[in-house]
Amino acid sequence: MTVSLRTLDDGAWVSVADERRVGASELWYVAGICACPVADFVVEGITDVAVDGRTVAAETYGTCIRCGEGVSTDPVPVGRLVAGAFEPLAAGAVRVPGGADGGRQVSPASGTSGED
Ligand SMILES: [Zn+2]
C-alpha cells in the first residue's frame, strides 16, 4: 500500500496521507548530530521526507538547544507505517539519523545547502 508523503508549507510540516503529522518546532532527542551524546534538537524545517521499509524519516535542519549548534540532519526517523497507517515515534524516543533499516550511507558532507 502506498501512502503519500510530502513536506508542506515550506518545510514546516511532514504530511502523511494528506495529514500534517510532524511539524517544525518539535523538540526531538537526536543522537550523533552535534557534540552532545544526545541533542535536544529543535526542528526548524523539514527538507525532505521518505519511507524506507516501514520507517518514515525526514531530513531536517534545526538547532541543538543544549550546545547551540545549528545542524542539518540526515534522515531522522519520525514514525513508522503500520498497516498503511502512520504511527509517530514516542516524543521521548532517542532518534538516530541515517536509518537503522535502510543501510544507507551516511556521508558527512552530502552537499545539502546548509549554511551557518
Ligand atoms: Zn548539541
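Residues numbered from 1 in each chain as written. Predicted model: local features only at pLDDT ≥ 70, side-chain atom pairs only at ≥ 80, totals over all residues. Heavy atoms only, no water.

### Some words on the coordination of the zinc ion
Ideal values differ by geometry: the angle at a metal is 109.5 degrees with four tetrahedral donors, but 90 or 180 degrees with six octahedral donors.
Next up, step 1: Protein-derived coordination of the zinc ion comes from C34 (SG), C36 (SG), C64 (SG) and C67 (SG), at a distance range of 2.3 to 2.4 Å.
Next up, step 2: Given 4 donor atoms and angles of 106 to 112 degrees at the metal, the environment of the zinc ion is assigned as tetrahedral.
Next up, step 3: Counting along the primary sequence, the residues that act as donors to the zinc ion give the motif C-x1-C-x27-C-x2-C. Taken together, the residues span a long stretch of sequence, with C34 in the loop between strand 4 (27-31) and strand 5 (38-52) and C64 in strand 6 (residues 55-64) at a distance of 30 residues.
Next up, step 4: Looking at C34, the relative accessible area reads 16%, which means it is buried. (Donors = N, O, S within 2.8 Å, 3.2 Å for Na, K, Ca; no water. Tetrahedral: all angles 85-135°; square planar, octahedral: opposite > 155°, others 65-115°. Helix = DSSP H or I, 4+ residues; strand = E, 2+ residues; numbered from the N terminus. Buried < 20%, exposed > 50% of the residue type's maximum accessible area, 1.4 Å probe, protein only.)

### Observations regarding the packing of aromatic side chains
Next up, step 1: For the coordinates displayed, the defined rule picks out 1 aromatic pair.
Next up, step 2: Aromatic side chains W28 and F41 sit 6.4 Å apart centroid to centroid with 50 degrees between the ring planes, which places their arrangement in the tilted category. Taken as a pair, W28 in strand 4 and F41 in strand 5 lie far apart in primary sequence, 13 residues in all.
Next up, step 3: Assessed through its relative accessible area of 0%, W28 is described here as buried. (Phe/Tyr/Trp six-rings, centres within 6.5 Å; stacked < 30°, edge-to-face > 60°.)

### A look at unusual backbone geometry
Next up, step 1: Unusually for a residue other than glycine, D10 sits at a positive phi of about 60 degrees.
Next up, step 2: Looking at the element boundaries, D10 is found in the loop between strand 1 (5-8) and strand 2 (13-16).
Next up, step 3: The exposed category is assigned to D10, whose relative accessible area is 81%.

### Here's the deal with the pattern of salt bridges
Next up, step 1: The final tally for this structure, using the stated rule, is 4 salt bridges.
Next up, step 2: R6 is paired through a salt bridge with D18; the nearest N and O atoms lie 2.6 Å apart. Here the residue R6 occupies a position in strand 1, and D18 occupies one in the loop between strand 2 and strand 3 (19-23), the gap between them amounting to 12 residues.
Next up, step 3: Judged by its relative accessible area of 40%, R6 is partly exposed.
Next up, step 4: Exposure remark for D18: the relative accessible area of 55% places this residue in the exposed category. (Salt bridge = Lys/Arg side-chain N within 4 Å of Asp/Glu carboxyl O.)

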